[in-house]
Amino acid sequence: MPDRETLRRAQRDKRQGKAASTQAGEFVREEMDHIRAGKHGARSAKQAIAIGLSKARRAGVELKAPAKGKTSAATRQKARRDYERGHGAPATRMATIRRQNSSENALKRESRSAASHTALSRQASGAAKRRSASARSAAAKKAARTRKSH
């Protein structure tokens, strides 16, 4: 369950008309904080981001599953299930306590370096390289439109 503060921040972003990915960014930030605080680790920055996005979908952020060809079918299915959970669909079945504990214990054994500035910088550069110049420009323009005026 996300922190109350994270939910509040995401709702504020939604009110300000910011993109779903920006709202989801609050959940990713929370995940990075958890890793840095030592609550658990992650294998990579990408995994830490994926955990945050999953939490966002389950919390009701309008973040659709990735398009076909972007990720594996299993990942798309999991994202779709998380999205439905956050939008009123009942749980198909609850994970057992043993499974919940196992996944948490597995994360606790992972490294904390996934949330380091270097790892996040490397992840961001790689993600930006895969986008076109026009896509990056459009994102920057939208960010400028929805940014608080100082």
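Reading guide: rules and limits
Residues numbered from 1 in each chain as written. Predicted model: local features only at pLDDT ≥ 70, side-chain atom pairs only at ≥ 80, totals over all residues. Heavy atoms only, no water. Helix = DSSP H or I, 4+ residues; strand = E, 2+ residues; numbered from the N terminus. Expected span 1.5 Å × (residues − 1). Buried < 20%, exposed > 50% of the residue type's maximum accessible area, 1.4 Å probe, protein only. Contact = heavy atoms within 4.5 Å. Arc of directions from axis to C-beta. Salt bridge = Lys/Arg side-chain N within 4 Å of Asp/Glu carboxyl O. Axes fitted to C-alpha atoms, helices over the stretch in contact; angles between N-to-C directions. Parallel < 35°, antiparallel > 145°, perpendicular 65-115°, else oblique. Left-handed = near helix turned anticlockwise from the far one by under 90°.

### What about helix 3 (residues 45–58)?
The periodicity of an α-helix, 3.6 residues per turn, causes residues three or four places apart in sequence to face the same way. With 14 residues, helix 3 should reach 20 Å at 1.5 Å per residue; the first-to-last C-alpha distance of 20 Å fits that figure. Among all positions in helix 3, only Ala-45, Ala-48, Ile-51, Gly-52, Ser-54, Ala-56 and Arg-57 are buried. Tucked into the core, helix 3 has its buried residues touching helix 2 (20–37), helix 4 (73–86), helix 5 (97–109) and helix 6 (117–129). Directly after helix 3, the chain includes Gly-60, whose backbone phi takes a positive value near 105°.

### Comments concerning the side chain of Glu-31
For Glu-31, the location among the structural elements is in helix 2. Since its relative accessible area comes to 1%, Glu-31 is described here as buried. For Glu-31, the contacting residues outside a window of four places in its chain are His-40, Ala-48, Ile-51, Gly-52 and Lys-55.

### Examining helix 4
Here helix 4 is 14 residues long and its end C-alpha atoms lie 20 Å apart, about the 20 Å a rise of 1.5 Å per residue gives. Of the residues making up helix 4, those classed as buried are Arg-76, Ala-79, Asp-82 and Tyr-83. What you see down the axis of helix 4 is that its buried residues fit within an arc of 125°, all on one side. Along helix 4, the residues that are exposed and aim more than 90 degrees away from the buried face are Ala-73 and Ala-74. Looking at the buried positions of helix 4, the neighbouring elements they touch are helix 3.

### Brief notes about the pattern of salt bridges
What the rule picks out here adds up to 10 salt bridges. Glu-26 is the salt-bridge partner of Arg-9, the closest N and O atoms lying 4.0 Å from each other. Residue Arg-9 is located in helix 1 (residues 4–15), and its partner Glu-26 is located in helix 2; the two are separated by 17 residues in the primary sequence. Residues Arg-29 and Glu-26 are paired through a salt bridge, measuring 3.5 Å at the closest nitrogen-oxygen approach. A residue pair is termed a helical-turn pair when its members lie 3 or 4 positions apart in one helix, as Arg-29 and Glu-26 do in helix 2 at three residues. For Arg-29, a relative accessible area of 42% puts it in the partly exposed group. For Glu-26, a relative accessible area of 8% corresponds to the buried category.

### Observations regarding the packing of helix 1 against helix 2
Across the interface, helix 1 lies against helix 2 with an axial gap of 8 Å and an inter-helix angle of 160°. By the criterion of interaxial angle, the relationship of helix 1 to helix 2 is roughly antiparallel. Pair helix 1 / helix 2 crosses with right-handed handedness. When helix 1 is examined against helix 2, the residues Thr-6, Leu-7, Arg-9, Ala-10, Arg-12, Asp-13 and Lys-14 are found in contact with a partner set consisting of Thr-22, Gln-23, Glu-26, Phe-27, Arg-29 and Glu-30.

Just distances and angles here, no functional claims.
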